[in-house]
Amino acid sequence: MKEVNMAAPVSVDAFLRAAVSEDAEHRDDGLCVVGIFGKSSTQLGVLKESLVNTLADKHVFSVFGGGDEEGDGDGCGIQALYDPDNRILYLLLTSVCDGRRLLRACRSQSTSAGHAEAQDFWKTLERQHCLRLLYLFSVCHVLLLVHPNHTFDVTYDRLFRALDALRQKALPLIRAAVKDCPVSKEWKVNCRPCPPRLLFFFQMSGSLKVPNGSESGVHPDKPKKHSPRRRLQHALEDQIYRIFRKSRVLTNQSGNCLFTVPANQAFVYVAPAPEEDPAGALLAQLRSNCALSEHDPGAVVTGPRRYQQMRRSTRQMTADYASVMASAQPVGDCTLKEFLWQHVELVLTKKGFDDSVGRNPQPCHFELPSFSKWAQVALKIHQVLSGGAEDDSTEPALRAQAQLKVLDGFMDADAKFSENRCQKALPLAHGAYQSNLPHNYTTAVHKNQLAQALRVYSQHARGVAFQRYALQLHDDCYKFWSNGHQLCEERSLSDQHCVHKFHLLPKDGESTDVDHNPPILNHNSRGRTTSSCNCGRKQAAREDPFDVQAANYDFYQGLEEKCCGKLERINLPVFQPSTPDPSPASDRTPRPLCEADGERSKEPSGGGGGGGSAQPSHTPGDTSLSLALSLGQSTDSLGPYGEGEASGEGQAPQKRPSLADRQPSTVEYLPGMMHSGCPKGLLPKFSSWSLVKLGPAKWYNCHVGLEQPGFLPAASFLLPWDLLVRSRSDDDPSEAQDGGASSWPTPNKTPASKRGGVGGPGRSRRRDDTARAYVGFEYEDGRGRRFISAGPDKVVKALGSSGAKEPAGRVLNADMPLYVPAPSQGRGVKAHFAQLVRLFVVVPDAPLEVTLSPQVQPGPPPCPLFHPELAEVTLPPDGVWVLRFPYAYATDVGPCYPPKENQPLANYKVLRGILRASATNTQPQ
């Protein structure tokens, strides 16, 4: 049993759980427990394991640490080595304070871990180390602190104060665990057999290596009273004692302390420096082992006689064996074993430690347990402190782990410094966030101020708590913003955000309520513009709209009764529900823009259709044809106007549209506006366009212009558009009919003057196959100022009463911009734009067919092309027609905002080919 236990040190958990049986003659003998902990150097050799080899007189641990176990998963473990001959149990604590364990922990740490993760990793290892140390201080009689140099590490003072505080927190848990163990009442109350005595082992560095007597020039038979090493030990004892007394780790009453130190005995041992020759050190170790086997007596002696016999055998060792680190001593100095045995002998003889000082020292409790009693208590304490318990002790182990937070104030000085720095930086960051803030602000302002606050915070905050307090700063700023300072994020169709704080929209029939939390309000951007009605004869102020219906329908419907409600119009088809609760179309797959345009270009031309309104309609054709046109079945509106191929000459016959294409849905409606990407078979609930008739063709006077409010001076004249009308007696079917070409009169025919025509008095005599129409693209800015455009970049300027001189061919043969800079800018820096809002067309009383097919691109590609519900509308003759364009453009995805200052206006345009004219008296084919 002796050889097995000495040769194979095991973990303390496995040692306590194993059924260790002793001989009957030693069953009642006392057991002295010696704990060894501390630090090891980064050299290859292991210091604490070599000390155990020296104290046990056996080669248990490898000199180079090859027999080191992996230990626990947390990098900290206790190994047990039982010496039954001397009745000593060695408990060796290995942790990250040892070089090999530290290297293993560094390798296990992830390279991608941040500072906070690394700090948590090392803090966890340090906490587990403290728990193992507390276990040693609870079950050991003597503790040996090992340090790799001769300088006392003052961080032990902080460690011992933390252990003392942790022990006071864990005492109730330990008492509950050992209350049923067969030990004395004092042990159950104090949770330890006695206040352990702490001894210190220091290793002298090479620079302070003490020479032998012959090398120092002193005769070996006449040594000095105290060697330099002995004087160093005394100095270290005085220093350690003063430090611990100042910090109150040691007090007069040793029973209340974490540990004690003897008052009249040496408790510091300084070992000489190791040999510089590794081979010589190994040979010396081999010779020492051989010498031990030669001088080992056959009879086993225990107790004081064993100690005296060991001292005599030590004096008889050879000079080579005396050169080993733990045994080679100058004359007058004791060995490590002698240093330790003078304290162990007090335990084995049951004298105990009387380390209390002062006037009235109180005696300390002391108990020398047998092996079985000590094993029972040690197993219970190990289950509580190490978390290796069974099911019934899992809760105490978790409660002990929860008490580890008491260590934070003692052990984690870096984290405490970081906490203080980050807490001081938080008010500065909050001040940076709230500086120059309006009462309500948007998400963009919040993110900008938060970035400024984080910048100020990063200038002052340091340490591992940086990230945690940065997240707290983010949460605090968000709470401040959302607590009554959040601005409504809804933006109007003109890209202006709502000025109200976060609110709810009123439901149908619900009134606004400012006192509600959150308040119930309508969107308002505080933006007001001046706009004209459908026909342009009346202007009114309008609020900045937030939805398409308010922008393109509700405002103009409000002016219908005051102005243009009684005018003739061409009604555009809208959704007609057949169920009381229709729903918007969903899960639609919009057609690509190129595909939609291609289908439109291949479909045959036809007249426009009218709606079902009570107003008089001028749209020829049946309803089914108008519905088909509303679904995109029309001719290509991009073709040149005035060509004589409107009858379909030279085109292949097209397939008749199916019933699904011609009949719109009466259950689902189109949620947005009509555009080229919309699916077929859907109509919107309202039309964003308007087509009204101001009066007959003679209503417009070319010498006066449009007599409507808001026009700039001399900018209300329409552009003349000369069209060729085919003569009834003319049999040539190949004559061109475009208004830009002139034709020669027929021989032997005198052209008659067209009295009362659109040319008016003062004009030269015209041929009977020529008619004059008028076209005007009207632009209007936000202040209600209007003008007619003479080209993509020109405003109409009429001098005198002669009217406009520019022909309409320029505006009809080019893409007209949807937005142009306003002629007179305001005082501000921001540029103002005028938007194309109306198209005036004066159709003369002549055999003409004028086709209207507008297509608007309100943004850069891939913006779709918007068009009315009737892609093509044929305007009846003898009338002044007004096409009102939408005020805003939007799809089911979102609105198409007006251009910014740095965006090119060429992407916002009305495609050419908006008007097309042809004669109605063509010869049959």
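Everything numeric here is computed off the predicted structure, so don't read it as measured data.

### A word on the confidence of the model for the chain
- Per-residue pLDDT for the chain averages 76, and the proportion of residues at 70 or more is 72%.
- For residues 212-217, every residue scores under 50 in pLDDT, and the model assigns this stretch 2 contacts once sequence neighbours within four places are set aside.
- The low-confidence segment residues 728-767, where pLDDT is below 50, has 47 contacts with residues more than four positions distant or belonging to other chains.

### With respect to the packing of helix H16 (residues 413-434) against helix H17 (residues 443-460)
- Two elements in contact, H16 and H17, have axes separated by 8 Å at closest approach and are oriented at 150°. Considering the angle they form, H16 stands roughly antiparallel to H17. Of the two elements, H16 crosses H17, and the hand of that crossing is right-handed. Residues Arg421, Cys422, Ala425, Leu426, Leu428, Ala429, Ala432 and Tyr433 of H16 touch H17, and the partners they reach there are His446, Gln449, Leu450, Gln452, Ala453, Val456, Tyr457 and His460.
- Taken together, the residues of the contact of H16 with H17 sort by class into 11 nonpolar, 4 polar and 1 charged.

### Overview of the nonpolar core
- Residues Phe37, Leu91, Phe160 and Trp374 are the most contacted members of the largest nonpolar core, which totals 99 residues.
- When residues of this core are assigned to their parent elements, the largest contribution, 12 residues, is made by helix H6 (residues 155-178).
- The residues contacting Trp374, other than those within four sequence positions of it, are Leu16, Leu31, Val33, Leu89, Leu91, Val139, Trp187 and Pro369.
- Listed in part, the 82 residues of the second largest apolar core include Cys535, Tyr819, Ala888 and Ala890.

### Examining the sheet that holds strand S21 (residues 848-852)
- If you trace the 3 strands from one edge of the open sheet to the other, you get S23-S21-S28, paired in antiparallel fashion. Only two strands of the sheet have a single partner each, and these edge strands are strand S23 (873-875) and strand S28 (915-919). Strand-to-strand twist across the sheet, computed as the mean angle between neighbouring axes with direction ignored, equals 30°.
- Both S21 and S23 contribute to a ladder of 3 bridges, which runs antiparallel.

### Section: the packing of aromatic side chains
- Evaluated as defined, the whole model comprises 31 aromatic pairs.
- The interplanar angle of 85° and the centroid separation of 5.8 Å between the aromatic rings of Phe152 and Phe244 together place this pair among those described as edge-to-face. Here the residue Phe152 occupies a position in the loop between strand S5 (142-147) and H6, and Phe244 occupies one in helix H9 (residues 228-246), the gap between them amounting to 92 residues.
- The exposure class of Phe152 is buried, given its relative accessible area of 6%.

### A few points about the packing of helix H5 (residues 115-139) against H6
- Viewed as axis vectors pointing N to C, H5 and H6 meet at an angle of 75°, and their least axial separation amounts to 10 Å. Here H5 lies roughly perpendicular to H6, going by the angle between them. Residues Cys130, Leu131, Leu133, Leu134 and Phe137 of H5 pack against Leu159, Phe160, Leu163, Leu166, Arg167 and Ala170 of H6.
- Broken down by class, the residue content of the contact of H5 with H6 amounts to 10 nonpolar, no polar and 1 charged.

### Digging into the sheet that holds strand S27 (residues 908-910)
- Read across the sheet, 3 strands follow the order S18-S27-S22 without closing on themselves; strand pairing throughout is antiparallel. Each edge of the open sheet is held by one strand with a lone partner, namely strand S18 (816-817) and strand S22 (856-858).
- Bridging between S18 and S27 involves 2 bridges; their strand directions are antiparallel. Along S27, the bridge assignment pairs Pro817 with Lys909.

Parameters and conventions
The residue count restarts for each chain, going from 1 along the sequence in the order it is written. Two thresholds apply to this predicted model, a pLDDT of at least 70 for residue-level local features and 80 or more for giving and counting side-chain atom pairs, whereas whole-chain, interface and lining totals are computed over all residues. The basis for every side-chain value is the complete set of heavy atoms in the structure, and neither hydrogens nor water enter the calculation. Scored between 0 and 100, pLDDT is the confidence that the predictor attaches to each residue. Contacts were defined at the residue level, with two residues in contact if any of their heavy atoms lie within 4.5 Å. Fitting a line to C-alpha atoms yields each axis, with helices limited to the stretch in contact; the angle taken between N-to-C directions then spans 0 to 180 degrees. Going along the chain from the N terminus, every DSSP run of H or I of four or more residues is numbered as a helix, and every run of E of two or more is numbered as a strand. Should an angle lie under 35 degrees it is considered roughly parallel, over 145 roughly antiparallel, and from 65 to 115 roughly perpendicular; all remaining angles are considered oblique. In this scheme the handedness of a crossing depends on how the near helix is turned from the far one: anticlockwise by less than a right angle means left-handed, clockwise means right-handed. Any residue that is not Ala, Val, Leu, Ile, Met, Phe, Trp, Tyr, Cys, Pro, Asp, Glu, Lys or Arg is counted as polar, Gly included; the first ten are nonpolar and the last four charged. By convention a nonpolar core is built from buried Ala, Val, Leu, Ile, Met, Phe, Trp, Tyr and Cys residues, the set being connected through side-chain atoms within 4.5 Å. Throughout, exposure labels follow a simple rule: accessible area from a 1.4 Å probe, protein chains only, divided by the maximum for the residue type, with under 20% read as buried, over 50% as exposed, and the rest as partly exposed. Should DSSP find at least two bridges between two strands, the strands are taken to pair. Between 30 and 60 degrees the pair is tilted, below 30 it is stacked and above 60 it is edge-to-face, where a pair is any two Phe, Tyr or Trp rings, Trp via its six-membered ring, whose centres lie within 6.5 Å.

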